[in-house]
Amino acid sequence: MKLMLTCEHASNRLPASFKKAVPAEILKTHRAYDIGACAVFRKLIRFAKPEFHCEGKFSRLFVDLNRTITNKSAFSEYHEALDVCDKAAAEKAKAQATAYWMEYRDAIEKFVESALKPKTRVAKSKPTVVHLGIHSFTPELNGKVRNADIGILYDPARPQECAYAQLIKDEIKRLYPTMKVRFNYPYKGSSDGLTTTLRKKFGQRYVGIEIEINQKFFQR
Ligand SMILES: [Zn+2]
């Protein structure tokens, strides 16, 4: 088994080309990034020593690395706002965002592809890649309190993912018995995202799990 760790929403930074498009106060909020996720992700790298890891260096308001690029929601409304006041700047920012998205996805796909290749043609067991995407969610959205401490997202139609999700939940509960861990909450693991794309591309030997941590743990 080869471990891959990623953190798509690690950062709230914006490239220079897009800085004027987003109000500074928005950049401090959960809309811009997954608060606390990057710290957990970096700790996990030191602890679990994955074969491959990568993190987003720009805010999802620039481009959401966890959406298909053809999905409308990959680009935030700030692209449209910029388009209204400066069309040339908006086009440039969108092209740059698309190139950045491709570069991020390419690096990940290249790793998974090479990791899944057996070392010899007669290898008895074929390698698998276990991907953990580290995310966080806001404790309250549109006035509704989210009822979980940690969410584990996976595709229930895939037996290996079910087994890994259960294993992770059991281990969290063993270490922290009072922690409320829920499956496919607050989002569905099978919705559009990085893991969904990789499942389609690489089949059953790719195992994609997303860990969603409640941001209340990072609020002081
Ligand atoms: Zn996220």
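Here, every reference points to the structure presented above.
Analysis parameters
- Residues numbered from 1 in each chain as written.
- Predicted model: local features only at pLDDT ≥ 70, side-chain atom pairs only at ≥ 80, totals over all residues.
- Helix = DSSP H or I, 4+ residues; strand = E, 2+ residues; numbered from the N terminus.
- Buried ≥ 20, exposed ≤ 12 C-beta atoms within 10 Å, placed from the backbone.
- Contact = placed C-beta atoms within 7 Å.
- Core = buried A, V, L, I, M, F, W, Y, C linked by C-beta atoms within 7 Å.
- Expected span 1.5 Å × (residues − 1).
- Axes fitted to C-alpha atoms, helices over the stretch in contact; angles between N-to-C directions.
- Nonpolar A, V, L, I, M, F, W, Y, C, P; charged D, E, K, R; others polar.
- Pairing = 2+ DSSP bridges.
- Right-handed = clockwise from strand over helix to strand, strands pointing away.

### Quick word on the overall build of the protein chain
Counting its secondary structure elements, the protein chain contains six helices and eight strands. With the principal axes as the frame, the protein chain shows a C-alpha extent of 60 × 45 × 30 Å. The proportion of buried residues among the 220 residues of the protein chain is 33%. Nonlocal contacts in the protein chain, meaning residues at least 24 apart in sequence, comprise 77% of its contacts between residues at least 6 apart.

### Regarding the nonpolar core
Grouped together as the largest cluster of nonpolar side chains are 43 residues, with contacts concentrated most on I134, I152, I209 and I211. Residue contributions to this core peak at seven residues, all from helix α4 (residues 87-115). When near neighbours in sequence (up to four residues on either side) are disregarded, I211 contacts L132, I134, H135, I150 and I152.

### A closer look at helix α2 (residues 37-48)
An ideal rise of 1.5 Å per residue puts 16 Å on twelve residues; α2 measures up with 16 Å between its terminal C-alpha atoms. Positive phi appears at K49, one or two residues downstream of α2, with a value of about 45°.

### Some remarks on the packing of helix α3 (residues 77-85) against α4
Running from N to C, α3 and α4 cross one another at 150°; their axes reach a closest spacing of 6 Å. Within the contact between the two elements, α3 uses H79, L82 and D83 and α4 uses K87, A89, A90, A93 and K94. Looking at the contact of α3 with α4 residue by residue, the classes come out as four nonpolar, one polar and three charged.

### Regarding unusual backbone geometry
A cis geometry characterises the amide bond from Y185 onward to P186, with omega recorded as 0°. For P186, the position within the fold is in the loop between β7 (181-183) and α6 (194-202). In this structure, K49 takes a positive phi of about 45° despite not being glycine. Tracing the backbone through its elements, the reader meets K49 in the loop between α2 and β2 (52-55). Classification of K49 by C-beta neighbours within 10 Å gives exposed; the count is 10. The backbone phi angle of N184 is positive, close to 50°, even though this residue is not glycine. Among the structural elements, N184 can be located in the loop between β7 and α6.

### Quick look at the sheet that holds strand β8 (residues 206-214)
Strand order in the open sheet formed by six strands is β2-β1-β3-β8-β6-β7, with mixed pairing between adjacent strands. Each edge of the sheet is formed by a strand with only one pairing partner; in this case those strands are β2 and β7. The mean angle between the axes of side-by-side strands here comes to 20°, regardless of whether they run parallel or antiparallel. Here strand β6 (residues 150-153) runs beside β8; their pairing, made up of four bridges, is antiparallel. Bridge pairing in β8 places G151 opposite E212.

### Notes on the pairing of β6
Where burial is concerned, the two faces of β6 agree: the one with I150 and I152 and the one with G151 and L153 are both buried. Two elements, β6 and β7, share three bridges in a ladder whose sense is parallel. By the bridge assignment, I150 is partnered in β7 with V181. Since β6 and β7 lie parallel, the crossover through helix α5 (residues 159-175) that links them has a hand, and here it is right-handed.

Any functional reading would require information that these geometric values do not contain.
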